Amino acid sequence: MNLKDCHNFSDFRKLAKKKLPSPIFHYIDGAADDEITYQRNTSSFNDVDLVPNVLRGVENIDLSTTIFGKKLDLPFYCAPTALQRLFHYDGERAVGKAAQKFNTMFGVSALATVSVEEIASLINTPKMFQFYFHKDRGLNDSCLERAKAAKFDVLALTVDTITGGNRERDLRTGFTSPPKLTLSSLFSFATKPMWGINYLTKGKFELPHLQDYVKEGTSTNTSIGNYFSTMLDQSMNWNDAEKLCSQWGGHFALKGVMSVEDAKKAVDIGCSGIMVSNHGGRQLDGSRSPFDQLAEIVDAVGDKIDVICEGGFQRGTHMLKALSIGAKACSGGRLYLYALAAAGQAGVERALGQYKAELERDMKLMGCKKISDLNRNNLRFRKV
Amino acid sequence: MNLNDCHNFDDFRKLAKKKLPSPIFHYIDGGADDEITLNRNTESFNQCDLIPNVLAGGGKPDISTEIFGRKISMPIFLSPTAMQRLYDPEGDRASARAAEKLGTMYGMSTMATSSIEEIVNVSSGPKLFQLYIHKDKSITDDLIDRCKKAKFDGLCLTVDTIVAGNRERDHRTGFTTPPKLTIKSLFEFAAKPGWVFNYLTNKKFELSNVKHKTDKGTNITKSVIEYVNEQYDPGMNWQDAEYCIKKWNGPFALKGVMSVEDAKKAIDIGCTAIFLSNHGGRQLDGSRSPFDQLKEISDAVGDKLEIILDGGVRRGTHVLKAIAAGAKACSFGKMFLFSLASGGQAGVERALQNMQKEIERNMLLMGCKSLKELNRSKIIYKK
Ligand SMILES: Cc1cc2nc3c(=O)[nH]c(=O)nc-3n(C[C@H](O)[C@H](O)[C@H](O)COP(=O)(O)O)c2cc1C
Ligand SMILES: Cc1cc2nc3c(=O)[nH]c(=O)nc-3n(C[C@H](O)[C@H](O)[C@H](O)COP(=O)(O)O)c2cc1C
């Protein structure tokens with residue numbers, strides 16, 4: 001199996017599984033507890049059906065959308081995800097360049113393995129920096145100032161991760177950052193020698209946004225759960241978010257808002273957008289899926305801020321459904337991460353290209369020429 | 001396993017799978033994307049239950065109905081489907097003869113491997129022609145003129161296929177028209193020598209209705225996806241449909257209408273029928289199933305045009321539920337195609353006979369003497 005055989009999400013996932021040492025594959029693929037929320041994130045799209053319109057003369061399709069004041073050519077973008085250097089030796093560079101090619105937003109994680117400065121020098125398309133609120137205020141200031149200096153367009157504060165989710169696959173595989181060879185992981189690393197060679201020869205693993213402040217995760221091996229639980233400030237509250245928002249002074253979003261009440265507060269503190277997200281099912285298992293919760297949130301704040309639906313997307317039609325409900329854009333992690341692991345930049349480009357082709361085809365089949373043509377009249381919820 | 005062992009859809013499907021090279025089997029069997037809609041099309045019938053009446057007095061029920069101005073012996077007929085020559089050497093001729101024998105309608109695709117004229121010579125039964133609008137508009141005029149001359153009863157314009165659906169099984173098998181032997185598919189074809197023998201020794205494969213207009217798909221190998229995306233007009237609109245109706249000037253349907261808004265427009269431009277259809281789940285995955293959508297459509301337009309429920313029909317009870325919910329008749333594709341692949345004309349006859357028997361038996365069990373007695377009071381939707 002190689003890249004040419006990848007026609008959809010599950011093909012990329014299969015290829016990634018072949019290429020990655022199993023602790024790393026399961027770090028991407030896994031989620032919290034029983035992974036109920038993780039599964040539901042995708043299956044919720046199947047509880048609603050599309051009703052297309054015909055004969056509308058739909059030769060040319062405009063997939064563009066505007067979020068945070070930036071026009072994107074696609075109505076979906078790459079969510080910020082940690083540690084991309086582990087998935088492919090080009091890491092964030094590969095994803096960033098692929099995103100630039102499609103003129104969509106690239107989200108850079110606080111736990112990225114390439115610095116904001118380098119990303120800024122590499123691509124000139126819209127960029128989002130994802131912020132974790134650490135106990136160390138010096139570290140917080142440094143992250144914010146560097147993202148500002150690098151002219152990032154959006155700062156997204158992740159609010160669903162004040163403590164590590166219970167990712168049991170990581171417990172079993174012993175996944176740490178940077179990867180540590182334990183007896184139980186040795187075998188799986190040894191079976192993927194190419195990954196090992198690339199990992200050891202193509203530049204050192206680092207977390208450039210953190211390493212001046214913390215050893216954990218950079219030179220000291222730590223589990224991700226441990227990192228979140230010891231480094232992040234669990235007392236983070238609305239005042240902190242508001243202060244951060246004004247300190248940033250640009251487009252600011254909360255990532256991981258699920259309730260209407262919080263969405264309204266996000267408007268009050270000056271956010272220009274929110275990601276309706278449960279972190280890809282990696283945090284609170286049993287949490288409602290973003291798509292199930294989307295209508296409620298859009299009805300409450302959709303006219304005031306950009307509502308982004310995040311998580312579970314594996315198909316163009318999934319995105320059409322979220323956009324029909326009223327999301328301004330869709331965002332996903334795994335939809336490009338498996339492709340990154342499968343083949344680096346070429347893989348991510350193929351994946352983004354396929355979603356784009358699916359969206360164009362599906363828009364035509366729906367009889368819609370532009371994203372704003374999609375609406376709830378075109379949806380029917382199944383009775384359950 | 002042979003034709004006598006085929007009692008239902010799954011049996012025909014199994015036998016067809018045995019007989020056909022796998023790229024061809026999967027071309028019939030597959031749907032778009034994750035095949036959610038493909039599966040839902042049949043599943044949705046199970047979201048609705050029948051409520052029988054007893055002691056209604058026996059006698060053979062009358063299951064005939066009328067569509068496109070022709071009486072048909074049962075409320076189910078053959079959907080127009082492409083390239084039947086690939087499933088059986090007699091192809092469309094076999095289907096048309098079987099339909100005539102059982103007294104129901106045969107639907108011919110623009111992409112048929114027999115010509116309009118050829119079919120008129122083998123069948124005087126009810127016939128429907130299905131039109132695809134090509135970028136080359138002279139093809140449309142030519143086809144309509146020929147259908148008129150050949151006295152087809154009805155014309156339908158397929159509106160859900162302006163772009164090819166994402167049929168991933170075809171990507172994987174490398175299915176093309178005409179079939180191309182690649183190293184990858186060679187093994188598949190070699191495993192079904194009977195099919196290869198029939199394919200090579202019988203009439204040459206061609207897209208008979210359009211071959212004088214384009215070499216594509218006949219002499220130039222194309223995947224179906226390439227053909228659709230190159231040849232069909234994605235800019236097709238309501239004026240184009242209206243043009244066809246005026247030119248045809250007879251019973252006319254749009255095939256692939258799903259929304260109430262479009263169904264109403266269909267009335268306005270002069271349609272006498274619509275196929276409520278998502279193309280058997282082969283186009284837009286996530287599209288609502290025809291049966292799920294039927295109630296809404298029939299409430300809005302059921303008294304003004306004939307609603308044909310197309311997609312997912314496998315059983316007589318499915319037909320009964322559709323009629324009770326407001327359809328005038330049903331049509332099916334995969335069910336009869338698998339029977340065609342299983343046993344040619346005899347296979348299609350057997351599938352239609354099975355359907356007829358199922359419908360008649362179930363009408364008796366429902367206590368209904370004619371299709372008119374089937375209405376909403378006979379069904380209940382599950383919560
Ligand atoms: C491997 C992986 C790493 C992630 N790292 C981060 C991160 O560092 N910061 C963050 O806010 N979200 C992170 N996320 C969550 C994503 O931003 C996004 O919410 C999630 O992937 C959406 O679900 P999806 O994968 O089903 O699209 C990560 C997700 C994955 C799968
Ligand atoms: C192999 C195959 C070929 C088809 N070719 C055509 C075609 O050429 N034109 C058309 O309008 N519909 C075509 N259809 C769709 C059918 O007319 C019909 O809508 C569909 O098969 C109904 O779903 P069912 O197979 O579940 O009964 C095709 C379907 C199949 C399975």
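Participant: Is there a simple way to explain helix α4 (residues 91-101) of chain A in this structure?
Facilitator: Turn by turn, an α-helix covers 3.6 residues, leaving residues three or four places apart pointing in a common direction. All names here are of chain A. Among all positions of α4, only G91, E92, A94, V95, G96, A98 and A99 are buried. On its buried face, α4 is in contact with β4 (76-81), β5 (106-108), α5 (116-122) and α15 (334-366). Downstream of α4 by one or two residues, N103 has phi in the positive range, about 45°.

Participant: Would you mind showing me how to read the packing of helix α13 (residues 290-301) of chain B against helix α14 (residues 316-325) of chain B here?
Facilitator: Residue and element names in this part refer to chain B. Packing of α13 against α14 leaves a shortest axis separation of 9 Å and a crossing angle of 25°. For the element pair α13 / α14, the angle class is roughly parallel. The chirality of how α13 crosses α14 is right-handed. For the pair α13 and α14, contact is made by F291, L294 and S298 and by K321, A322 and A325, respectively. Residues of the contact of α13 with α14, tallied by class, amount to four nonpolar, one polar and one charged.

Participant: I keep staring at the site of ligand 2 and nothing clicks. Help me out?
Facilitator: All names here are of chain B. Within the structure, ligand 2 sits among 24 residues, and P80, S109, T158, D310 and G333 are positioned closest to it. Between ligand 2 and K255 there is a distance of 2.9 Å, counted from an oxygen atom to a side-chain nitrogen or oxygen. A distance of 2.8 Å separates an oxygen atom of ligand 2 from a polar backbone atom of G333. Compared with its free state, where it exposes 600 Å², ligand 2 has 99% of that area covered by protein. Contributions of two or more residues to the shell around ligand 2 are made by α2 (22-29) and α15 (334-366). The residue makeup of the shell around ligand 2, split by class, is eight nonpolar, eleven polar and five charged.

Participant: Sorry if this is basic, but what is going on with the sheet that holds strand β7 (residues 154-158) of chain B here?
Facilitator: Each strand in a sheet pairs with its neighbour through backbone hydrogen bonds, running either in the same direction (parallel) or in the opposite one (antiparallel). Residue and element names in this part refer to chain B. A sheet is described by the order of its strands in space; here eight strands give the open sequence β4-β11-β10-β9-β8-β7-β6-β5, paired in parallel fashion. Every other strand in the sheet has two partners, leaving β4 (76-78) and β5 (106-109) as the edge strands with one partner each. If you compare each strand with its neighbour and ignore which way they point, the axes differ by 25° on average. With four bridges connecting them, strand β8 (residues 252-257) and strand β9 (residues 273-277) associate as parallel partners. Pairing of L254 across the sheet is with I274, part of β9. In the packing of helix α6 (residues 137-149) onto the sheet, contacts are made with β6 (127-131) and β7, and the angle to β6 comes to roughly 175°.

The rules behind the values
Residues numbered from 1 in each chain as written. Chains lettered and ligands numbered in written order. Predicted model: local features only at pLDDT ≥ 70, side-chain atom pairs only at ≥ 80, totals over all residues. Heavy atoms only, no water. Buried < 20%, exposed > 50% of the residue type's maximum accessible area, 1.4 Å probe, protein only. Helix = DSSP H or I, 4+ residues; strand = E, 2+ residues; numbered from the N terminus. Contact = heavy atoms within 4.5 Å. Axes fitted to C-alpha atoms, helices over the stretch in contact; angles between N-to-C directions. Parallel < 35°, antiparallel > 145°, perpendicular 65-115°, else oblique. Left-handed = near helix turned anticlockwise from the far one by under 90°. Nonpolar A, V, L, I, M, F, W, Y, C, P; charged D, E, K, R; others polar. Near = heavy atom within 4 Å. Polar contact = N/O pair within 3.5 Å; in protein donor to acceptor, adjacent residues only side chain to side chain. Areas by Shrake-Rupley, 256 points an atom, 1.4 Å probe, with all protein chains shown as cover. Pairing = 2+ DSSP bridges.

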